[in-house]
Amino acid sequence: MVSQIPKQIYPRPFLKWAGGKTRLISQYKDYFPQHYQTYYEPFLGGGAVFFYLQPSNAVLTDINADLILTYQCVRDHLEELITLLHKHQQSHNSEYYYDVRNYHSGTDLEKAARFIYLNKTCFNGLYRVNSLGKFNVPVGKYKNPGICQEEILKVASIALKKVQIKQANFEEVLNYATDSNDFVYFDPPYYPLSQTSNFTAYSNFSFNENQQIKLRDIFIELADQGVQVMLSNSDCPFIRDLYSGFNVHTISAARSINSHAHKRGKITEVLVTSY
């Protein structure tokens, strides 16, 4: 009997993330720059583009402190984190979920394990906070959620070993990316296509129309310095007008988060490049 060769696991997101780019990479890959020395991702989220590109030099940032702490723990303290995740996996049920959701203290490792546990068991992998900055997503209906995916975590940890990971506002990329050796990918909270899709409570900081305009201004400033810049966003007149001076590519995507199943399905997004 011929033994099966284990399937190789490539680096990929270890978190579920609303708006994650894993399914869009096949459409993005022809638009990535061919040559650059340092990669910057100021809206890290699930990190799908980073894990696909596997750059040798990278600076990964996000305004979400809990997210950044989790990435740092995956990079630096994986074995201890896995031990805690196994405990969550053994204890998981609806009551336990809400107990964990309501607990906000603990060590950095405990906070990171809590973040991954809630991410894997909450409704649709959403990250949403209330006005007090407290995570408030209800439990999801999963029979066997992948709370501790050891192999995925191990491969991700290796990919993150030489990467700078820190909490920062997206504007701070101007302090780092300065010339054509730098590649910046922006994946901000998308501009809402309707009032009901206005999901901006990703952190205590609202990402409103003014923030979108500020991001466009930073995009221009980076491009003027020769930095190679790419951005994802909603396909709508407002965003197309903001970036009308650049290359705007149409991407086919899927809307998977909606309480009404008939409102899910194919839509388009834009991918903007400065080069």
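Refer to the structure presented above.
Since this is a predicted model, take the numbers as computed values, not measurements.

**Q** I'd like a rundown of helix 8 (residues 209-224), residues and numbers included.
**A** Taking 1.5 Å per residue as the helical rise, helix 8 with its 16 residues ought to reach 22 Å, and the 23 Å between its terminal C-alpha atoms agrees with that figure. Of the residues making up helix 8, those classed as buried are Gln211, Gln212, Leu215, Arg216, Ile218, Phe219 and Leu222. What you see down the axis of helix 8 is that its buried residues fit within an arc of 165 degrees, all on one side. Within helix 8, the exposed residues directed more than 90 degrees away from the buried face are Asn210 and Asp224.

**Q** Describe the nonpolar core, with residues and values.
**A** Buried together is how nonpolar side chains tend to be arranged in soluble globular proteins. Within the largest apolar cluster, 56 residues are counted, with the highest numbers of intra-cluster contacts made by Phe14, Tyr39, Tyr71, Leu81 and Leu160. Of all the elements, helix 6 (residues 108-121) adds the most residues to this core, at 7 residues. Counting residues in each nonpolar core, the second largest holds 24 residues, with Ala177, Phe219, Leu231 and Val272 among its members.

**Q** Tell me what's going on with the pairing of strand 5 (residues 228-234), and back it up with residues and numbers.
**A** Counting buried positions along strand 5 yields 7 of 7 residues, so the element is predominantly enclosed. Bridge analysis of strand 4 (residues 182-186) against strand 5 gives 4 bridges, and the strand direction is parallel. Of the residues in strand 5, the one forming a bridge with Phe186 is Leu231.

How each quantity is defined
Residues numbered from 1 in each chain as written. Predicted model: local features only at pLDDT ≥ 70, side-chain atom pairs only at ≥ 80, totals over all residues. Heavy atoms only, no water. Helix = DSSP H or I, 4+ residues; strand = E, 2+ residues; numbered from the N terminus. Expected span 1.5 Å × (residues − 1). Buried < 20%, exposed > 50% of the residue type's maximum accessible area, 1.4 Å probe, protein only. Arc of directions from axis to C-beta. Core = buried A, V, L, I, M, F, W, Y, C linked by side-chain atoms within 4.5 Å. Pairing = 2+ DSSP bridges.

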